[in-house]
Every structure is written in C-alpha cells, then in structure tokens.
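Listed below, chain by chain, are the residues.
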Amino acid sequence: MTYIEFFDKTATENVATCLTRVPDRVIFIGDNGNRMRKHIEDYQRVFRARGYQVEMIIKTTSKSNLDRAVAMLTEIVQTYDDCVFDITGGEEIMSVALGMVVAQTPDKNIQIHRFNLGNNKIQDCDMDGQTVYLTPPTLSVEENIRIYGGDVIYGAVDDVKTYLWDLNEEFLQDVERIWQLCKDNIRGWNIQIGIFAAAELVGRVQADGLTTVVSRAALDRYLIGHNLRYKKLTGIIDDLLAEGLLTDFQDGDLNAITISYKDPQVKRCLTRAGQALEMKIFTTAKRLCNEDGTALYNDAMNGVFIDWDGESHDEDVDGLYDTENEVDVMLMYGIVPVFVSCKNGFVTQEELYKLNTIAHRFGGDHAKKVLVATSLDFMGESGYYLRQRASDMNIRIVDDAYIMDDDELENRLKNLWSN
C-alpha cells in the first residue's frame, strides 16, 4: 500500500495515517526538500523502533504551480495501483490538483481520506465506504518528541534528567501521604523542601545515598546568598517522620544537620520544589480509564527532559550548547500531546511563555497546554493578569487542586486533551 502525504509543518498530521495502518511506502510531497528530509529521518526512527521498515520518498513541487502538481500526482497514480491520499495537511493547491487527477483517471482505485485528530477517526473523503483505518493511532511521549526532532533525555533517580518512576503500590501510597502533607500547608511545605534541597547542594551524601549531613554554617551561607534563612518547621518534620518518609532528622547540634530519607524515590520527592504537586497530577492522570477499562491517556511521564534537536553536544569540544527544557507532566491521548506545567507557588508570566513555546515546538497546533496552580487566588492583580494571558494563549488552568478531593481532580484531568 502506498500513502501520499501532503507535507505539513505539524508532524502529527504527517504520520497519523501511518500509525493506524503501516504502509509499504509513503510519498511526501512539499515545496522544501531539505526540511522534509530532516523530518522524515525522525519519522523513520519511530517506525524502526516499532519494528517496521517503511520506504519514505520525497517529491518536491511549487506551492503555486498547479500544472506541475497535477503532473506529479498523475505520475504517482500511474506508477502505483494502491494509492491512498491523506489530505489532512499540506497546501491547498495539492488538494485541487488531486481532484483534477481523480477526474482524469476514473479507472484508478484512488482512496482519499482525512484524519480527524479530535476523535481519532478517519474521514472517508471519496465516499466509497472504504478506509485504511485499522486501529486508533497512538504515540508515546518519547515518540511524539522524536517526530518533532527532539529526544527525551533519561537519568537516574538522583539525576536532573527524566526519571522513570517505579510506581509500585507502596510508593503510590507514599505519594498520597506526601501530597496530603503538602496541601495542608503549601507555603510551609515549599519552605521546608527548599531547605532539604539546599542541604543536598552543600552537604555530604553518605554511602547509602539516603542520608545527608550538612554543616550548619555552609547551609546558612548558601541560604543567605539566596535571600533565605534556615527554618525547621517542626510540624512538617514530625509528620514526615511519623509517616516514615523521613527516617531521621537531627539538628540539635549547631554544627551539623542530619537528614535521612526512606528510599531514593521518596528522597527525590522531598528534595525538589514542586515535586509533590507534579506527582499527584502525574499519578492521577496515569490511573484514569475509559469505560472499557483501558487507560485514558496511553502514555504519561513526569519531568520530561527534552533535548530540542535530538543531538547531545560537548560544549567544550563542539562549541555548541544544547537547547533543553523540562515539562513537568506530559500526557498522550492517542496522538494528541498534553503539556502540563505544575506550579505549587508563585507563577510568573515567563512560565506561560515557556509552556506555550515548548508545546508549540513539540505538538504544533494540536498540542494542549495546561497550567496546574495552587496559588493564583493569592496573587491579587497579577493572578488575574496571568489568567487573562493564559486564556489568550489557549492555556487551560486547573487551579485550587489543593482543595479538590480525588474525584473532582480526576474529573478535571479527564478532559485535558479536548477542546
């Protein structure tokens, strides 16, 4: 089977049909051969990883030369007997040319369809009752980033890169305990987690990886340099110890502070600002199901660390710097990506611009953008302004997550993929 794709700047539109039924070959038609070649290399990586070898052919034509477009399409349908034209994207002139070719070659079995990303369905544009649709197309988070030319960069639990959580039942219960403690005193929680994070930066991590000993003087110097000061919020510390999330906390000695964590995953949650909210959103979205019991979001990831061009550079050797960003939570509804920014404190206007930029770069016009925030109501006029700017950018806001019960939060997260 031969697919003909009118090349579009939105990568999802170029691969949607191939994901529902893998063809023998795909012919991409557009006006910029170099750009198509770069993107097609990314598409081929995805299909090779799935175990498919799909021949991908590039043909170029002018946006304004209708005669050339008609001649090119005529040559294609004369060469291949099983042509399926996808008119989801691309230039309008190609659709006009296709109509002319179909009228001139009534003996050819030409299939024409359009893919509707809103409902994951094929539209039978030639009205003959036949489509190539077999299964709903899906992309993983990593595949979605890859078709747009980037890569997800992975690391260990104590690294700053993307970490693949072990979501065992015990840890999921720990996440719930952490979120409950966080939501009861968000401001105090942020302060205390900030202290733990600072201790990791200037302290000594013991051989077990779970105990950190930090000089009080070194910690104070670091905090003062960041316009902060040391605080021990006894209520939060006692609750963490009571829940077994901390196994030890000692600061009676003015010369040193000792902090011990239950396990590496809990330590990551307690030493990174905003991680409690991110994990609540991530784990809640991950367990959402359709009526038939299948996962609502076919993929979900937390802390997605993206390299924009998919190539890692050594700054000292290459003289090049990698453009990298992190997405707090990323979800996939079929082939629709949902980019979620989680903010458990003050939100700046720059956060909206960053979210908008990353989502457009790695999702195009079909990306959904969401800001989950807990403090907009306490930001006064700036909070109102942020809501207006978010609306202008088509960024959906999920606020007051800290006062929602699980059912309400689940209902809010179920429809993040829709318009």
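As the structure is a computational prediction, the values presented were derived from the model and not from experiment.

1. Regarding helix α7 (residues 186–202)
Phase 1 of the analysis: With 17 residues, α7 should reach 24 Å at 1.5 Å per residue; the first-to-last C-alpha distance of 25 Å fits that figure.
Phase 2 of the analysis: Those residues of α7 not exposed but buried are Ile 186, Gly 188, Trp 189, Gln 192, Ile 193, Ile 195, Phe 196, Ala 198 and Ala 199.

2. Digging into the sheet that holds strand β10 (residues 246–250)
Phase 1 of the analysis: With antiparallel pairing, the four strands of this open sheet are ordered in space as β8-β9-β11-β10. The sheet terminates laterally at β8 (204–205) and β10, the two strands that pair on one side only.
Phase 2 of the analysis: Along the sheet, helix α8 (residues 216–225) contacts β9 (211–215) and β11 (256–261); its crossing angle with β9, the most-contacted strand, is approximately 80°.

3. Examining the sheet that holds strand β12 (residues 299–307)
Phase 1 of the analysis: In space, the six strands of this open sheet follow the order β7-β12-β13-β14-β15-β16, with mixed pairing throughout. Edge positions in the sheet fall to β7 (151–152) and β16 (395–399), since each of these pairs with one other strand and no more.

4. What to know about the state of the cysteines
Phase 1 of the analysis: For the structure shown, the criterion picks out zero disulfides.
Phase 2 of the analysis: Here Cys 83 is not disulfide-linked; the sulfur of Cys 18 is the nearest cysteine sulfur, at 14 Å.
Phase 3 of the analysis: A relative accessible area of 2% means that Cys 83 is categorised as buried.
Phase 4 of the analysis: There is no disulfide at Cys 342, and the cysteine sulfur nearest it, in Cys 182, is 11 Å away.
Phase 5 of the analysis: A residue is classified by how much of its surface remains accessible, and Cys 342, at 4% relative accessible area, is buried.

5. Side note on unusual backbone geometry
Phase 1 of the analysis: Here Asn 394, not a glycine, exhibits a phi torsion of approximately 60°, which is positive.
Phase 2 of the analysis: Turning to its location among the elements, Asn 394 is positioned in the loop between α14 (380–392) and β16.
Phase 3 of the analysis: Look at Asp 400: it is not a glycine, yet its phi comes out positive at around 60°.
Phase 4 of the analysis: With respect to the helices and strands, the residue Asp 400 is situated in the loop between β16 and α15 (406–414).
Phase 5 of the analysis: For Asp 400, a relative accessible area of 19% gives the class buried.

6. So, the pattern of salt bridges
Phase 1 of the analysis: Considering all chains together, one arrives at 25 salt bridges under this definition.
Phase 2 of the analysis: The residue Lys 63 makes a salt bridge to Asp 31 at a minimum N-O spacing of 3.8 Å. Of this pair, Lys 63 sits in the loop between β3 (55–60) and α3 (66–79) while Asp 31 is found in the loop between β2 (25–30) and α2 (33–49), placing the two residues 32 residues apart along the sequence.
Phase 3 of the analysis: Judged by relative accessible area, Lys 63 falls into the partly exposed class, the value being 46%.
Phase 4 of the analysis: For Lys 38, the salt bridge goes to Asp 42, with nearest N and O atoms at 3.3 Å. Of this pair, Lys 38 and Asp 42 both sit in helix α2, separated by four residues, roughly a single helical turn.
Phase 5 of the analysis: Taking the relative accessible area as the measure of exposure, Lys 38 reaches 39% and is therefore partly exposed.
Phase 6 of the analysis: We classify Asp 42 as buried; its relative accessible area is 5%.

7. Some details on the environment of Asn 144
Phase 1 of the analysis: Take Asn 144: it is sitting in helix α5 (residues 141–147).
Phase 2 of the analysis: For the pair Asn 144 and Asn 109, spaced 35 residues apart in the sequence, the C-alpha separation amounts to 32 Å.
Phase 3 of the analysis: Among all residues touching Asn 144, those that are not within four sequence positions of it are Thr 12, Leu 139, Met 330, Met 332, Ile 335, Pro 337, Phe 339 and Phe 362.
Phase 4 of the analysis: Of note is the side chain of Asn 144, whose polar atom sits 2.8 Å from the backbone oxygen of Phe 362.

Cut-offs used in this document
Residues numbered from 1 in each chain as written. Predicted model: local features only at pLDDT ≥ 70, side-chain atom pairs only at ≥ 80, totals over all residues. Heavy atoms only, no water. Helix = DSSP H or I, 4+ residues; strand = E, 2+ residues; numbered from the N terminus. Expected span 1.5 Å × (residues − 1). Buried < 20%, exposed > 50% of the residue type's maximum accessible area, 1.4 Å probe, protein only. Pairing = 2+ DSSP bridges. Contact = heavy atoms within 4.5 Å. Axes fitted to C-alpha atoms, helices over the stretch in contact; angles between N-to-C directions. Disulfide = S-S within 2.5 Å. Salt bridge = Lys/Arg side-chain N within 4 Å of Asp/Glu carboxyl O. Polar contact = N/O pair within 3.5 Å; in protein donor to acceptor, adjacent residues only side chain to side chain.

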